[in-house]
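# Notes for the structure review
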Amino acid sequence: MQYDTWNQLLHRYVDSQGRVNYTAWKEESVEILDQWLIEIRSTQLIELTTTEQRLALWLNLYNALVIAQVLAFYPIATIRPTIFGIPDWISFFRFFSRPLYQLDGTRYSLNAIEHGTLRKEFTEPRIHFALVCAAIGCPLLRAEAYEPERVYAQLEEDAQRFITNSYKVRYDAQTQTLHCSQIFKWYKADFLKVAPSLTAYIQRYLLTVTMPDVTRVRYLPYDWRLNQRNNQRHLLK
């Protein structure tokens, strides 16, 4: 299958909480990931005739490119580096904006895949629970590849796992305040395409509480530390 190699790598180096063993991956299998990315370059997009095929391709490719970038510079503690304690915004920007992959005659950056392809082609806000930036604040990296035959079921699992993770979303009934990841702030427009409000969207998954229409929304600090196994705050509820 097209994603067998990527699937095997994820099984081997990603745990159930989405934490990555970058040390072992870099020592053992960098070349395997690089070779798989080379093989995927032969994909002809016109041959992907279903939405599910295209969606699975772009999700897998985005996450694999993120991992490949991290492995190239590992060991690092965060994807948002600093210089003398000041955020190095140029390096951070380049992580997402630098063209780094050619597919079907077009060069892509991570931003081009996310904003120019996935968000543009698919009205599917659940992609924001699947795309991983290698930070703890991001969605958890699945320990398996996305497959066309069940990609929508996988995305539903991702949404459920993200929203029921109290580190990413939690509701304070006493103050009627919904505290949630900044992902909901950054991509609010995408969620409002399928729900009347952020609260209404989150309520679909947060079934243990009932939030009133007047619920206030506050955004949690984003944790940019690397999603590696020794970062213990990466908690799954």
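Residues numbered from 1 in each chain as written. Predicted model: local features only at pLDDT ≥ 70, side-chain atom pairs only at ≥ 80, totals over all residues. Heavy atoms only, no water.

What follows concerns helix α7 (residues 151-163). With 13 residues, α7 extends 18 Å from end C-alpha to end C-alpha; this agrees with the ideal 18 Å at 1.5 Å per step. Burial in α7 covers these residues: V151, Q154, L155, D158, A159, F162 and I163. The arc that holds every buried residue of α7, seen down its axis, measures 155°, which confines them to one face. Buried residues in α7 make contact with α4 (51-73), β5 (169-172), α8 (183-186) and α10 (198-203). (Helix = DSSP H or I, 4+ residues; strand = E, 2+ residues; numbered from the N terminus. Expected span 1.5 Å × (residues − 1). Buried < 20%, exposed > 50% of the residue type's maximum accessible area, 1.4 Å probe, protein only. Arc of directions from axis to C-beta. Contact = heavy atoms within 4.5 Å.)

Looking now at the pattern of salt bridges. According to the stated counting rule, one finds eleven salt bridges in the structure shown. A salt bridge links E144 to R142; the shortest N-O distance between them is 2.4 Å. Of the two residues examined, E144 and R142, each falls in the buried class. R225 is the partner of D223 in a salt bridge, and the nearest nitrogen-oxygen pair spans 3.0 Å. Among the residues examined, D223 registers a relative accessible area of 9% and is labelled buried. (Salt bridge = Lys/Arg side-chain N within 4 Å of Asp/Glu carboxyl O.)

This paragraph deals with the sheet that holds β5. Spatially, the three strands line up as an open sheet ordered β5-β6-β7, and their pairing is mixed. In this open sheet, the two strands that pair with only one neighbour each are β5 and β7 (216-219). On average, each strand axis in the sheet is tilted by 20° relative to the strand beside it, whichever way the strands run. Pairing of β5 with strand β6 (residues 177-180), which is carried by four bridges, proceeds in the antiparallel orientation. (Pairing = 2+ DSSP bridges. Axes fitted to C-alpha atoms, helices over the stretch in contact; angles between N-to-C directions.)

The next subject is the nonpolar core. W25, L33, L59, I79, I163 and F184 are the most contacted members of the largest nonpolar core, which totals 78 residues. Examining the composition of this core, we find that 14 residues originate from one element, α4, more than from any other. Leaving out residues up to four positions away in the same chain, I79 has contacts with V70, F92, F95, F96, C133, A134, W224 and L226. (Core = buried A, V, L, I, M, F, W, Y, C linked by side-chain atoms within 4.5 Å.)

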